[in-house]
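As a plain string of letters, each chain reads:
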Amino acid sequence: MTRRRNTLTRRRVLQAGAALGIAGAPSVVYGQSKARITIVGGGFGGAAVAKHLRMLDNTLDVTIIEPNPDYVTCPHSNEVIAGLATMADITVSYGRLAQAYGVRFLRDEVRAVDTTRRKITLGSGSVMDYDRLVLAPGVEMRLDAIEGYNAAALEKMPHAWKAGPQTALLRRQLEAMPDGGTVIVAPPINPSRCPPGPYERASLIAHYLKTHKPKSKILIFDAKDTFPHQETFQSVWDSLYPGMIDWYAASSGGTITKVDPAAMTVTTEFGAQKGNVINIIPQQRAPQFLIDASLVDPWGWCPIEPRTLESTLTRHVSIVGDAANGVVMAKSA
């Protein structure tokens, strides 16, 4: 069998650029000057874009703006919570992107984006220019959606929906919980990051409890009436963890309207329920700086053209990952 050489031609570069709307930028002239591509966010979406742009054209000046020194992956973070993996197992260095692909890294936060002037204001106070912008900032937790759930409450009722310190905190709480205790998991309404994730988490917590604290209970208070792969999850729960997991749909009193971190209680229409460990996964939306830049729809997400991933609200800006509303694309890495 003859293998075709996978060469990087100008046509392929332009095709790849067009997929992100890059080739249409009047300030980007391939072969004549370096195009400054700025990517906000170094998660799965941002890192993949950076790597493949540099692979297709190593003359591109690709910079990722990312506040964290390493990437802690949300996939497999539930295994850390259940004691099946460590934080080191899900921590990935950005070194290879820089060394192997020549991607620049700027460790900072984005405070504001001016898509008209093509400028980014950073947390450090500096302002940088770009030719093309790729936004991959992930999601922001809505801490205003449930009464009593705020930044202070995170230390007692972690969401652990962004992997890192919250993941480790939830793990420690499970370890400290007595046998016979109650774990409360509260999935959010859709759209949200990784819709099956809360139920995977409940399953893995059940595995840990069955092994180490078999008298314990898991209560899932859901803001929805259905969830992905529901029949499979519930069948497995009945088979492997009989009597350990109770799921309450929104229409059956599952919606949490209030939390009290000091008392470690959640309130539904049927009253207050105390938990030893309470995992509130709040509603989500695109980060605030995208809202301020008028890049979101009325539901708090960034509408994009699915074919090109370009924002439908402004030109020369591509949005990838969980912040985007691509209609047919799930919010899952």
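Residues numbered from 1 in each chain as written. Predicted model: local features only at pLDDT ≥ 70, side-chain atom pairs only at ≥ 80, totals over all residues. Heavy atoms only, no water.

A. Looking closely at the nonpolar core. Val183, Leu209, Ile218, Ile220, Trp237 and Ile245 are the most contacted members of the largest nonpolar core, which has 24 residues in total. Mapped onto this core, the elements with two or more residues apiece are helix H5 (165–176), strand E11 (182–186), helix H6 (197–212), strand E12 (217–221) and helix H7 (230–240). At seven residues, the largest contribution of residues to this core is made by H6. Leave out the neighbours within four places in its chain, and Ile218 touches Val183, Val185, Ala202, Ile205, Ala206, Leu209, Met244, Ile245 and Asp246. Core analysis: the next-biggest nonpolar cluster, separate from the first, contains 22 residues, Val110, Ile120, Met128 and Ala286 among them. (Core = buried A, V, L, I, M, F, W, Y, C linked by side-chain atoms within 4.5 Å. Buried < 20%, exposed > 50% of the residue type's maximum accessible area, 1.4 Å probe, protein only. Helix = DSSP H or I, 4+ residues; strand = E, 2+ residues; numbered from the N terminus. Contact = heavy atoms within 4.5 Å.)

B. Expanded view of the sheet that holds strand E15 (residues 265–268). Read across the sheet, three strands follow the order E14-E15-E16 without closing on themselves; strand pairing throughout is antiparallel. Strands at the two margins of the open sheet, each flanked by one partner only, are strand E14 (258–260) and strand E16 (271–274). Averaged over neighbouring strand pairs, the angle between their axes works out to 25° when direction is ignored. (Pairing = 2+ DSSP bridges. Axes fitted to C-alpha atoms, helices over the stretch in contact; angles between N-to-C directions.)

C. Structural detail: the packing of aromatic side chains. Within the structure shown, the criterion is met by nine aromatic pairs. Ring plane angle 50° and centroid distance 6.1 Å describe the contact between Phe227 and Phe233, whose orientation is recorded as tilted. Residue class for Phe227 comes out buried when judged on its relative accessible area of 7%. Its relative accessible area of 16% is what places Phe233 among the buried residues. Connected via pairs of aromatic rings, a cluster forms that spans Tyr199, Phe227, Phe233, Trp237 and Trp247. (Phe/Tyr/Trp six-rings, centres within 6.5 Å; stacked < 30°, edge-to-face > 60°.)

D. Representation of the pattern of salt bridges. Going through the model one piece at a time under the given rule, you end up with twelve salt bridges. Between Arg104 and Asp61 there is a salt bridge, and its shortest N-O distance comes to 3.0 Å. Of this pair, Arg104 sits in strand E5 (residues 104–106) while Asp61 sits in strand E2 (residues 61–65), and the two are 43 residues apart along the sequence. Take Arg104: its relative accessible area is 47%, and that puts it in the partly exposed class. The shortest N-O distance in the salt bridge between Arg285 and Glu140 comes to 3.0 Å. One end of the pair, Arg285, is in strand E18 (residues 284–285); the other, Glu140, is in strand E10 (residues 140–141), and 145 residues separate them in sequence. (Salt bridge = Lys/Arg side-chain N within 4 Å of Asp/Glu carboxyl O.)

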